[in-house]
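Commentary on secondary and tertiary structure
Here is what each chain is made of, one letter per residue.
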Amino acid sequence: MRILLAGLLFWGLALGQAVVKDLTPAEVEGILKQAGLAYEKTDAQEFRLEMAGLTKVWLYLDFCQEGRCGVLTLSAGFTLDEVPDLEAVNAWNRDRRFSRVFLDEEGTVWVESDLDLTGGVSLGAVRAFLDLFAEEILPDFMDHIGFEP
């Protein structure tokens, strides 16, 4: 019995430290559920998330082959009365390491962050990626552009 319990404990620890090089949309959905994030699957490789007081944060799965995807991208767009100038956009991109900002054709300002899984990352790193975007990048960016949800 002790050997069985020790085996189960070891197996559980091993799963928690599993290294992944790609994920299926179903696996990403499981991670979102485990993280307690409200979400809606909007396309085969796209989710709409709620985080940092926002109801439209997008999670895209990219670099997909045979149903497994090697890149996760989080993004959020903001339509403001006053479009941020290029100086504000460039300041963000110059001073921040784990995200980028750009203006689209309609003047919406977007903040994005990517996680490349292809070299191998732990599931904990995937969760940390979600947490970083929700708890630091989005709040800092909203402050940077003067947006309140």
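Above: the structure in question.
Our subject in this report is the structure included herewith. The shown structure was predicted, so the numbers you read here are calculated from the model rather than taken from an experiment.

Scanning the chain for helices and strands turns up four helices and eight strands. Along its sequence from the N terminus, the chain presents helices and strands in the succession α-β-α-β-β-β-β-α-β-β-β-α. A burial count over the chain gives 37% of its 149 residues as buried. In the chain, the share of contacts with a sequence separation of at least 24, taken over all contacts with a separation of at least 6, comes to 54%. Summed over its atoms, the accessible surface of the chain is roughly 9200 Å², and 53% of this surface lies on carbon and sulfur atoms.

This part covers the state of the cysteines. In total, this model carries one disulfide according to the counting rule given. The partner cysteine of C64 in its disulfide is C69, sulfur to sulfur 2.0 Å. On the sign convention where negative is left-handed, the bridge of C64 and C69, at about 105° about the S-S bond, is right-handed. On the basis of relative accessibility, which here comes to 1%, the residue C69 falls in the buried class.

Scoring rules and cut-offs
Residues numbered from 1 in each chain as written. Predicted model: local features only at pLDDT ≥ 70, side-chain atom pairs only at ≥ 80, totals over all residues. Heavy atoms only, no water. Helix = DSSP H or I, 4+ residues; strand = E, 2+ residues; numbered from the N terminus. Buried < 20%, exposed > 50% of the residue type's maximum accessible area, 1.4 Å probe, protein only. Contact = heavy atoms within 4.5 Å. Areas by Shrake-Rupley, 256 points an atom, 1.4 Å probe, with all protein chains shown as cover. Disulfide = S-S within 2.5 Å.

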